[in-house]
2 protein chains.
Amino acid sequence: MIAITPWLDKESSTPIYMQLYSFMKQEIESGAIKEGSRLPSIRQLSAHLKLSKNTIETAYQQLVAEGYAESRLRSGLRVLALEQPPSGTVLPPASAAGIRSQSQKEASVRSRYDFRYGDVEQEAFPYALWRKCLLGALQCDPKEVFGYGHPQGSPALRSEIAQYLYQSRGVSCSPDQIFLSSGTQQAVSLLCQLLPLTGETIAMENPGYEGVRTVFNNHGCTVAPIGLDHDGLSLTQLSRQKAKAVYVTPSHQFPLGMVLPIQKRNKLLQWAGEHDSFIIEDDYDSEFRYQGQPIPALKALDNDERVIYLGSFSKSFIPAVRLTYTVMPLPLTQAFQQRMGSYSQSVSPLLGAAMLLFMREGHFERHIRRMRRLYQTKHKAMIAAIMNHMGNHVEIIGQKAGLHLILVVHNRERDELLQLAGQAGVHVYSPQHHWTDPGDCPSSYIMLGFGGMNGDIIEEGIRRLGQAWFGSGSHYEDNR
Amino acid sequence: MIAITPWLDKESSTPIYMQLYSFMKQEIESGAIKEGSRLPSIRQLSAHLKLSKNTIETAYQQLVAEGYAESRLRSGLRVLALEQPPSGTVLPPASAAGIRSQSQKEASVRSRYDFRYGDVEQEAFPYALWRKCLLGALQCDPKEVFGYGHPQGSPALRSEIAQYLYQSRGVSCSPDQIFLSSGTQQAVSLLCQLLPLTGETIAMENPGYEGVRTVFNNHGCTVAPIGLDHDGLSLTQLSRQKAKAVYVTPSHQFPLGMVLPIQKRNKLLQWAGEHDSFIIEDDYDSEFRYQGQPIPALKALDNDERVIYLGSFSKSFIPAVRLTYTVMPLPLTQAFQQRMGSYSQSVSPLLGAAMLLFMREGHFERHIRRMRRLYQTKHKAMIAAIMNHMGNHVEIIGQKAGLHLILVVHNRERDELLQLAGQAGVHVYSPQHHWTDPGDCPSSYIMLGFGGMNGDIIEEGIRRLGQAWFGSGSHYEDNR
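Since the model is a prediction, treat every value here as computed from it, not as a measurement. Each chain has its residues counted from 1, running along the sequence as written. Numbering of ligands from 1 and lettering of chains from A proceed in the order in which they are written. With pLDDT at 70 or above as the cut-off, local features in this predicted model cover only qualifying residues; side-chain atom pairs require 80 or more to be listed or tallied, and sums for whole chains, interfaces and linings still use all residues. Side-chain calculation: all heavy atoms of the structure are included, whereas hydrogens and water are not.

1. Some remarks on the overall build of chain A
In step 1: The numbering of helices and of strands both runs from the N terminus, where a helix is a DSSP run of H or I of at least 4 residues and a strand a run of E of at least 2. If you tally the helices and strands in chain A, you get 18 helices and 16 strands.
In step 2: All radius of gyration figures rest on C-alpha atoms, and the globule criterion is 2.2 Å times the number of residues raised to 0.38. By the compact-globule yardstick of 23 Å for 480 residues, chain A is too spread out, its C-alpha radius of gyration being 31 Å.
In step 3: C-alpha extents for chain A along the principal axes are approximately 100 × 60 × 45 Å.
In step 4: For chain A, the residues scored as buried account for 59% of the 480 residues in total.
In step 5: Contact between two residues is taken to exist if any of their heavy atoms lie within 4.5 Å; hydrogens are not considered. In chain A, the proportion of contacts linking residues at least 24 apart, taken out of those at least 6 apart, comes to 71%.
In step 6: Only the protein chains shown count as cover for residues, with accessible areas throughout obtained via the Shrake-Rupley method and a probe of 1.4 Å. Total accessible area on chain A stands at roughly 19000 Å², and carbon and sulfur atoms take up 48% of it.
In step 7: Positive residues here are Lys and Arg, negative ones are Asp and Glu, while His and the chain termini are left out of the count. By convention, the point assigned to a charge is CZ for Arg, NZ for Lys, CD for Glu and CG for Asp. Of note, chain A has its 47 positive side-chain charges centred 6 Å away from the centre of its 46 negative side-chain charges. Each residue gets one of three labels from its accessible area relative to the maximum for its type: buried under 20%, exposed over 50%, partly exposed in between, using a 1.4 Å probe on protein chains only.

If you want it as structure tokens, here you go:
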């Protein structure tokens, strides 16, 4: 019998069988216990080490489970060959404490004057109501809210969304046509995977939302950029293009902010019918128009079932619910449902249930109305501050809706503008990555998001920008 | 001036300007107000209808925004041409109430004796603790938990996961190497999109997890099925295969349950090195082994940085957190980070923060220990009931770990088995879709998940199955 004499520490928090197993594994790996050798029987080793048979058996089971030994009928355990010995890294001895520094750096402090696009109002967030809905969700049937949920997303939530779409966006659809996903990029990825669109040509606004263009590209689609006229997508350019689908933002072009007029909507639908193509309508922030009513979705005109509609709670509520809803045209619904059957739903059923309660109680409708007023106030503050501190040095693009606008800074270059802003403690952004060829983005364009900032911060941020870009006071003269 | 005489209902909840706008839109669409005609000025119409100028202006703005009219300097509003008139569907008159029937059917009642795979324990779920963590998350910095969050997922949560992986799975990695996503299929989709794997050959266990095979196929990968030996993936078959990556479940083969022994792990790593390929290790339920300690992950042996590791909270906690963590090999990390920069994180930052608190307070570690004991009890109850009620009519495959097992029912066909089970009010499932060619799945295989059932239900479910399949009492004789 081979000698097995480990140091076993009975005071240690590591169980004895674990110490024994680790010791034997090391001995096998180091060659001290040789390939093919027979291990002592449980009874023998139990007597030798004065340990219970249970302890020995558990250690042996582990060795067998990991393939270090095999159990042979009536001849006990035999050590197996290791073709390429693991060099002690199974449980590396180094502490894990040192591996965290880099990630902590990532959580860097954000500037107070950060005109980042994508942030939403936080101070006026309905904490108490949302908290109540979250707690309410916890009390729902665990089979509904703790598991994977329905592949398309909760039927009750989809009903609620269908009703909302009907009332607010003029979109009439059944809950069966709705598919939830944890973000618009996830929704577009599913369209690429399941329609499928992989390998197809997709026409897309240029400039247009880079996050979606990337998803198309990463699914092997050919993205055909279609330029914009002063009133959105160029239908002249589109009419020359054959494409499986066109991606558009008709209610509020991203990033330039124009509304696609009714004539172009009709022409777009006509194009889709003639080319047997689909229109992917991304209605990302249509809730926030500051002049007149929200404009009905293109989908509302879709008699021919050509429009795949995408809506999201990221702007109308908070990004953190990670909830995008896709409305499929009726003729595609059944096939899409079947293909989606192999996929787990990516939206948390728990958050879905909380969102359902929030909508059902009428909180969501009130929240949108409240936020529309609030964003309108911010938007006014933003434009007033720009007028006041920048005057005729700049022009504003896309100022009727949404949570951002584009500033055209006359006779200046982006790099200089960004640098000067940074020196003044203000973060502003270039929109250039939304152009297929970023070089086509006018160098005078700066993107300013304001959804997450309050009026005072907006005013002070813009004041600092004006100061940094145009120098003390000089613009006041220019301006009047 | 054209005559505009709408019926305006001052008692209606629809605002007057909205009624006016709808009326005018209909008039334009019907042709009653002709293309090119000039609309009355705001002052004129205000006087005519005895409405405030604001009301008229708001209605007009909406018409302009949607492209029904355009504003001309000094000549007021002019009606534009509609090339293809929308046929009144902008806000369809039908009620939305009728569109819900089908979805409600989907939420069909599930059988009490449902051996569905994927459910987890619910009765012993730590409600109070999880509730506390959710509320704690609501109190975190809104900038962290209400927005989109870090593209890779919260740095603090990734640190916590790195520590967990080190302590529980022998995996040493930095939080920078970790990428979160709202499910394992989402993680695999990102790998396909960003490594990228689109168009590549991916070797995969056959049988193997169908959900992932589907994702590979839907990204244009060629999936090369690799058969299984009695101890997992056939390395003989793999060695003949050139593939960009191989997808494996070494800790607990899905669905057949074997553990890949150390020799094969070493050979697999060697294969990856020789072919410059990657190993995608899906460690989906490794927390639950009922004999010995959890087996260290293959990733723990990965000196050559070949293993992409996938782990999930769906089994170790609940599916509804929708949280999968991917550990990228160091050489791929930086490029993957950059590419992921264009993507929004799909995991809810709110749930991420709650999970962080749950882990940081030690609740997660305790939860796993408790669940391991609980699942072990269920597992024992399951096996005892099978022995008792089915005896030597059946064999069990994969009975050392996890939340499911495969039953081999001698001399019977699946369709008959499923039908008889259904008649007895018991839901059991065929595992055949996990075979590349479902026809290769032995017709005697039935898959039984037990994670979400308690001991009594398991016992009664198996008793009913035995009764339905083998008739009253007959198996008792067979069995002894």
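From this point, the narrative continues.
2. Remarks on the interface of chain A and chain B
Frequently, the measure chosen for interface size is the accessible area that the parts lose on association.
In step 1: Taken together, the 110 residues of chain A in the interface contact 109 residues of chain B.
In step 2: Here chain A and chain B share an interface that buries about 9400 Å² over both sides, 54% of which is from carbon and sulfur atoms.
In step 3: The working definition used for a salt bridge is a side-chain nitrogen of Lys or Arg within 4 Å of a carboxyl oxygen of Asp or Glu. At the boundary of chain A and chain B, one finds zero salt bridges.
In step 4: Each polar contact in these results corresponds to two N or O atoms within 3.5 Å; when the atoms are within protein, one needs to be able to donate a hydrogen and the other to accept it, and residues that are neighboring in sequence are counted only if both atoms are side-chain atoms. Scanning the region where chain A abuts chain B turns up 22 residue pairs in polar contact (both at pLDDT 80 or more).
In step 5: Each residue belonging to the side of chain A that touches chain B can be placed in one class, and the counts come to 50 nonpolar, 45 polar and 15 charged. Take the accessible area each of two parts loses on contact, using a 1.4 Å probe, and add the two losses: that sum is the buried area. Ten residues, namely Ala, Val, Leu, Ile, Met, Phe, Trp, Tyr, Cys and Pro, are considered nonpolar, four, namely Asp, Glu, Lys and Arg, are considered charged, and the remaining ones, Gly among them, are considered polar.

3. Details of the sheet that holds strand 5 (residues 201-205) of chain A
Residues and elements named next belong to chain A.
In step 1: One bridge is not enough; two strands pair if DSSP finds at least two bridges between them. A sheet is described by the order of its strands in space; here seven strands give the open sequence 4-12-11-10-9-5-6, paired in mixed fashion. Only two strands of the sheet have a single partner each, and these edge strands are strand 4 (178-181) and strand 6 (222-226). Neighbour to neighbour, the strand axes of the sheet diverge by 20 degrees on average, direction disregarded.
In step 2: Of the pairings in the sheet, the one linking strand 5 to strand 9 (residues 245-248) comprises three bridges and is parallel in character. Its bridge partner being in strand 9, M204 is matched across the sheet by Y247.
In step 3: Here an angle of 0 to 180 degrees is reported between the N-to-C directions of two axes, which are lines fitted to C-alpha atoms, with helices fitted over the stretch in contact. Strands strand 4, strand 11 (307-312) and strand 12 (324-327) of the sheet are contacted by helix 7 (residues 155-169), whose axis makes an angle of about 110 degrees with strand 4.
In step 4: Most of the contacts of helix 13 (residues 330-340) go to strand 4, to which it runs at about 35 degrees, and overall it touches strand 4, strand 10 (278-282) and strand 11.

4. Regarding the nonpolar core
In step 1: Within the largest apolar cluster, 146 residues are counted, with the highest numbers of intra-cluster contacts made by W130(A) and W130(B).
In step 2: Dropping the residues within four chain positions of it, W130(A) is found in contact with F125(A), F317(A), V321(A), L351(A), A354(A), M355(A), F358(A), L138(B) and L350(B).
In step 3: With 54 residues, the next largest nonpolar core counts V223(A), F278(A), I308(A) and L332(B) among its residues. Here, nonpolar core refers to any group of buried Ala, Val, Leu, Ile, Met, Phe, Trp, Tyr and Cys residues whose side-chain atoms link them within 4.5 Å.

5. Focus: the domain arrangement of chain A
In step 1: Domain ranges listed in this record stem from an automatic or a database domain assignment. Taken domain by domain, chain A holds domain 1 (16-79), domain 2 (127-365) and domain 3 (372-479).
In step 2: One C-alpha centre belongs to domain 1 of chain A, the other to domain 2 of chain A, and the line joining them spans 59 Å.

6. Focus on the packing of aromatic side chains
Two aromatic rings, taken as a pair, are described by how far apart their centres are and by the angle between their planes.
In step 1: Only the six-membered ring of Trp is used, alongside the rings of Phe and Tyr, when aromatic pairs are assigned; centres must lie within 6.5 Å, and planes under 30 degrees apart are stacked while those over 60 apart are edge-to-face, with the rest tilted. Within this structure, the stated rule accounts for 36 aromatic pairs over all chains.
In step 2: On the basis of an interplanar angle of 85 degrees and a centroid distance of 5.9 Å, the ring pair of W130(B) and F358(B) is categorised as edge-to-face. Taken together, the residues span a long stretch of sequence, with W130(B) in helix 5 (residues 127-138) and F358(B) in helix 14 (residues 349-360) at a distance of 228 residues. Per residue, the accessibility class of W130(B) equals that of F358(B), and both read buried.
In step 3: Among the aromatic residues, those joined into a ring-pair cluster are F125(A), Y127(A), W130(A), F317(A), F358(A) and F146(B).
In step 4: Charge-over-ring contacts are defined here by two conditions on Lys NZ or Arg CZ: a distance within 6 Å of the ring centre and an angle within 35 degrees of the ring normal. Across the ring face of F278(B), the terminal group of R306(B) is positioned such that the distance to the ring centre comes to 5.6 Å.

7. Here we look at the state of the cysteines
In step 1: The rule for a disulfide is simple: a pair of cysteine sulfur atoms within 2.5 Å. Counting across every chain of the model gives zero disulfides over all chains.
In step 2: The thiol of C192(A) is not disulfide-bonded; the next cysteine sulfur, from C221(A), is found 4.1 Å away.

8. Notes on the side chain of S348(A)
In step 1: Mapped onto the secondary structure, S348(A) falls in the loop between helix 13 and helix 14 (349-360).
In step 2: Setting aside anything within four residues of it in sequence, one finds S348(A) in contact with A320(B), R322(B) and L351(B).

9. Structural notes on the relation of the copies chain A and chain B
In step 1: Superposing the copies works by least squares over the C-alpha atoms of residues that have pLDDT at least 70 in both of them. Of the two same-sequence chains, chain A is brought onto chain B (RMSD 0.1 Å, axial shift 0.0 Å) by a rotation of 180 degrees. In short, the pair behaves as if placed about a two-fold rotation axis. When C-alpha positions in chain A are compared against the rotation axis, the closest is assigned to H219(A), at 3.3 Å.

10. Digging into the packing of helix 5 of chain B against helix 14 of chain B
Residue and element names in this part refer to chain B.
In step 1: Taken N-terminus to C-terminus, the directions of helix 5 and helix 14 make an angle of 125 degrees; their axes are 8 Å apart at the nearest point. The orientation of helix 5 with respect to helix 14, classified from their angle, is oblique. Pair helix 5 / helix 14 crosses with right-handed handedness. Counting all contacts with helix 5, which are made through L129, W130, C133, L134, G136, A137 and L138, the residues of helix 14 involved are L350, L351, A353, A354, M355, L357 and F358.
In step 2: Classifying every residue of the contact of helix 5 with helix 14 by side-chain character gives 13 nonpolar, one polar and no charged. Oblique is the label for any angle not covered by the other classes, which are roughly parallel (under 35 degrees), roughly antiparallel (over 145) and roughly perpendicular (65 to 115). Less than a right angle of anticlockwise turn of the near helix away from the far helix marks a crossing as left-handed, whereas a clockwise turn marks it as right-handed.

11. Section: helix 1 (residues 16-30) of chain B
All names here are of chain B.
In step 1: With 15 residues, helix 1 should cover 21 Å at 1.5 Å per step; its first-to-last C-alpha distance of 21 Å lies within 8% of that length.
In step 2: Within helix 1, 11 of the 15 residues are buried, which leaves it mostly tucked inside the rest of the structure.
In step 3: Along helix 1, the residues that are buried comprise I16, Y17, M18, Q19, L20, Y21, F23, M24, K25, I28 and E29.
In step 4: Positive phi shows up at G31, right after helix 1, with a value of about 90 degrees. To estimate the expected span of a helix, subtract one from its residue number and multiply by 1.5 Å.

12. Some words on the pattern of salt bridges
Residue and element names in this part refer to chain A.
In step 1: As enumerated under the stated definition, the model contains 27 salt bridges over all chains in all.
In step 2: One salt bridge in this structure joins D302 and K299, with 3.0 Å as the shortest N-O distance.
In step 3: A relative accessible area of 6% means that D302 is categorised as buried.
In step 4: Across the salt bridge formed by R464 and E460, the nearest N and O atoms sit 3.0 Å from each other. Taken as a pair, R464 and E460 lie in helix 17 (residues 455-470) at a separation of four residues, close to a single helical turn.
In step 5: The class for E460 is partly exposed, based on a relative accessible area of 22%.

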